Amino acid sequence: MRVLRITVVKRFKLSQVSILIWFMFIMFSTAVGVATYAVHQSHAAFNWPTAKGMVVNCWLIERYHERSSAESHYEVAIEYFYAVDGKIYHKSNKTDITGAIPGYSLEEAEALVAEFPRDKKILVHYKPSNPNTAVIKPTMHLFLIVALVVFSLILIPVLYLMYQQMTSSRDSFIVRNV
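Please read all numbers here as calculations on a predicted model, not as lab measurements.

Draft legend 1. Up close: the overall build of the chain. Along the backbone of the chain there are four helices and five strands. Moving toward the C terminus, one meets the helices and strands of the chain in the order α-β-β-β-α-β-β-α-α. A separation of at least 24 residues holds for 67% of the contacts in the chain among residues at least 6 apart in sequence. In the structure as shown, the chain presents an accessible area of about 12,200 Å², 62% of it carried by carbon and sulfur atoms.

Draft legend 2. Quick look at the sheet that holds strand 5 (residues 130-135). What the five strands build is an open sheet, ordered 3-2-1-4-5; its pairing is antiparallel. Two strands in the sheet have a free side with no partner beyond their single neighbour: strand 3 (87-93) and strand 5. Recorded for the sheet is a direction-independent mean angle of 40° between the axes of neighbouring strands. The pairing of strand 1 (residues 50-63) with strand 2 (residues 73-84) spans ten bridges and is antiparallel. Note on strand 2: the bridge partner recorded for G53 is Y82. On top of the sheet, helix 2 (residues 106-115) reaches strand 1 and strand 2; it is set at about 150° to strand 1, its chief contact.

Draft legend 3. Local environment of the pattern of salt bridges. Under the counting rule described, the total for this entry stands at one salt bridge. A salt bridge links K137 to E115; the shortest N-O distance between them is 3.5 Å. Here the residue K137 occupies a position in the loop between strand 5 and helix 3 (142-167), and E115 occupies one in helix 2, the gap between them amounting to 22 residues.

Draft legend 4. How the structure looks around the packing of helix 1 (residues 19-45) against helix 3. Where helix 1 contacts helix 3, the axes come no closer than 8 Å and their chain directions differ by 150°. Considered as vectors, helix 1 and helix 3 are oriented roughly antiparallel to each other. For the pair helix 1 and helix 3, the sense of crossing is left-handed. Here the residues of the contact of helix 1 with helix 3 are counted per class, giving 21 nonpolar, five polar and no charged.

Draft legend 5. Quick peek at the pairing of strand 1. Both strand 1 and strand 4 (residues 121-127) contribute to a ladder of five bridges, which runs antiparallel. Of the residues in strand 4, the one forming a bridge with T50 is H125.

Draft legend 6. Geometry of the environment of V158. Along the polypeptide, V158 turns up in helix 3. Relative accessible area serves as the criterion here: at 3%, V158 is assigned to the buried category. A C-alpha to C-alpha distance of 9.9 Å links V158 and S29, two positions 129 residues apart in sequence. Every residue in contact with V158, bar those within four places of it in the chain, is listed here: I21, M24 and F25.

Calculation notes
- Residues numbered from 1 in each chain as written.
- Predicted model: local features only at pLDDT ≥ 70, side-chain atom pairs only at ≥ 80, totals over all residues.
- Heavy atoms only, no water.
- Helix = DSSP H or I, 4+ residues; strand = E, 2+ residues; numbered from the N terminus.
- Contact = heavy atoms within 4.5 Å.
- Areas by Shrake-Rupley, 256 points an atom, 1.4 Å probe, with all protein chains shown as cover.
- Pairing = 2+ DSSP bridges.
- Axes fitted to C-alpha atoms, helices over the stretch in contact; angles between N-to-C directions.
- Salt bridge = Lys/Arg side-chain N within 4 Å of Asp/Glu carboxyl O.
- Parallel < 35°, antiparallel > 145°, perpendicular 65-115°, else oblique.
- Left-handed = near helix turned anticlockwise from the far one by under 90°.
- Nonpolar A, V, L, I, M, F, W, Y, C, P; charged D, E, K, R; others polar.
- Buried < 20%, exposed > 50% of the residue type's maximum accessible area, 1.4 Å probe, protein only.

Structure representation (structure tokens):
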């Protein structure tokens, strides 16, 4: 006597996934990818080689919003140069201190400007594959980690809804109404 075994394979029907769910999937997948890349780059900067450099100037910039009653915040910009393999790089950028443009209070900004006086010798962390990309103080910003976690946590239920829509019958509630 022969026993027939029939295995039922669930078929994924991508056409049953609603446009809204596709949009959310693409949006949050992209956000997770960008956040992952940013966290990776911030982390990698800690292991970049260093070169000796010198501060040319360091200053603070006051930022405020005309349409907002919020208090001003400050950014710190720095101009410096450094040498890698005999080539001199000259930088003047707001992101070169920590790798991001955080908003500082006046006291924090003044302290950071005081930390980098004119002619101070500094160590510059530069990207080996592109020495023109550099930071002075590699920093892992909490915002990047929080963004990665939040976007990932939002993506999980979106993926679950996609799975439910792909594996349900056409006339089920999840396919018709979500």
